[in-house]
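What follows is each chain in one-letter form.
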Amino acid sequence: MPARMKKTGKSLALASSGLLYLLWLRLTGIGIPCLFRLLTGWKCPGCGVTHMVLALSRLDFPAAWEANPFLLLTLPFLIAEIFRSFSREISGSGAGAMPQWEQWLLWGYIAALIIFGVARNV
């Protein structure tokens, strides 16, 4: 099996798992708890993502904003990066073909995410 087909299969499996998890959440309301919050009592930068996704699936934007405003605001950027990465994998150019400006942009995003994580607990 060509490597490209394996990567596409893994991506489809990941997307399918995400959709199944969303369905599970909508039906049961039981999600994966944040271990960082359980151990420290503080919210991590990703806390609220599950509630945000559930709110977005109901088109409830105020609830999504309340759950995690940083990730909601930057969701278009994240989606664009996922598609860019996926298209690089499909084309065979691989992750090494990421332009320097895009690498700096991603590092800046990670820094902003960490700053948000600290600021939300102050």
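So, here is what we can say about the structure in this document. These numbers come from a predicted model, not from an experiment.

**Digging into the state of the cysteines**
Then comes step 1: Evaluated as defined, the whole model comprises zero disulfides.
Then comes step 2: As a non-bridged cysteine, cysteine 34 has cysteine 47 as the owner of its nearest cysteine sulfur, 3.4 Å distant.
Then comes step 3: Exposure remark for cysteine 34: the relative accessible area of 23% places this residue in the partly exposed category.

**Let's talk about the pattern of salt bridges**
If charged atoms from side chains of opposite charge come close, those side chains can pair.
Then comes step 1: If you walk through the whole model with that rule in mind, you get two salt bridges.
Then comes step 2: Between glutamate 102 and arginine 84 there is a salt bridge, with its nearest N and O atoms 2.8 Å apart. Remark: arginine 84 occurs in helix 5 (residues 69-91) and glutamate 102 occurs in helix 6 (residues 100-119); sequence separation between them is 18 residues.
Then comes step 3: A residue is classified by how much of its surface remains accessible, and glutamate 102, at 0% relative accessible area, is buried.

**Quick word on a nonpolar patch on the surface**
Then comes step 1: Taken together, the side chains of Trp107, Ile110, Ile114, Val118 and Val122 make up a nonpolar region of the molecular surface, amounting to roughly 590 Å² of accessible area.
Then comes step 2: Topologically, valine 122 is positioned in the segment after helix 6.

**Let's talk about the layout of surface pockets**
Then comes step 1: Size it by volume and the largest pocket reaches roughly 1200 Å³.
Then comes step 2: Surrounding the largest pocket, 39 residues form its lining, Tyr21, Val49, Thr50, Met52 and Val53 being those nearest its centre.
Then comes step 3: Elements that contribute at least two residues to the lining of the largest pocket include exactly helix 1 (3-28), helix 2 (35-40), helix 3 (49-57) and helix 5.
Then comes step 4: Broken down by element, the residue count for the lining of the largest pocket peaks at nine residues, all from helix 1.
Then comes step 5: Classifying every residue of the lining of the largest pocket gives 26 nonpolar, nine polar and four charged.

**Describing helix 5**
Then comes step 1: Over its 23 residues, helix 5 extends 34 Å from the first C-alpha to the last, a length consistent with the 33 Å expected when each residue adds 1.5 Å.
Then comes step 2: The sharpest bend along helix 5 reaches about 55° and sits at leucine 75, with the proline proline 76 one to four residues further on.
Then comes step 3: Within the span of helix 5, buried status applies to Phe70, Leu71, Leu72, Thr74, Glu81 and Arg88.
Then comes step 4: Against the buried residues of helix 5 lie helix 3, helix 4 (61-67) and helix 6.

What counts as what
- Going along each chain's sequence as written, the residues are numbered from 1 onward.
- Whole-chain, interface and lining totals are the exception, using all residues; otherwise, since this is a predicted model, local features are given only for residues with pLDDT of at least 70 and side-chain atom pairs are given and counted only at 80 or more.
- With hydrogens and water set aside, each side-chain value is computed from the structure's full complement of heavy atoms.
- The criterion for a disulfide is a pair of cysteine sulfur atoms lying within 2.5 Å.
- Per-residue accessibility, obtained with a 1.4 Å probe over protein chains only, is compared with the maximum for each type, and a residue is labelled buried under 20%, exposed over 50%, and partly exposed between these values.
- Salt bridge, as used here, is a side-chain nitrogen of Lys or Arg placed within 4 Å of a carboxyl oxygen of Asp or Glu.
- To qualify as a helix, a DSSP run of H or I must reach at least 4 residues; to qualify as a strand, a run of E must reach at least 2; elements of each kind are numbered from the N terminus.
- Here the term patch refers to residues with relative accessible area over 30% and no salt bridge, with like charges joined within 9 Å and nonpolar side chains (Val, Leu, Ile, Met, Phe, Trp, Tyr) within 5 Å.
- Note that accessible areas follow from Shrake-Rupley with a 1.4 Å probe, and for residues the cover is restricted to the protein chains shown.
- Only protein atoms enter the 1 Å grid used here. Points where a 1.4 Å probe fits but cannot escape make up a cavity, open sets with protein on both sides within 12 Å along at least five of seven lines make up a pocket, and a residue lines them when an atom lies within 4 Å of a point.
- Grid points are joined across faces, edges and corners, and a volume is the space filled by probe spheres set on the points.
- Note on residue classes: Ala, Val, Leu, Ile, Met, Phe, Trp, Tyr, Cys and Pro are nonpolar, Asp, Glu, Lys and Arg are charged, and everything else, Gly too, is polar.
- By definition here, a helix of n residues has an expected span of 1.5 Å times n minus one.
- Consider a residue and the seven residues that end there alongside the seven that start there; fitting an axis to each set, the bend is the angle between those axes.
- The contact rule is simple, with two residues in contact once any of their heavy atoms fall within 4.5 Å.

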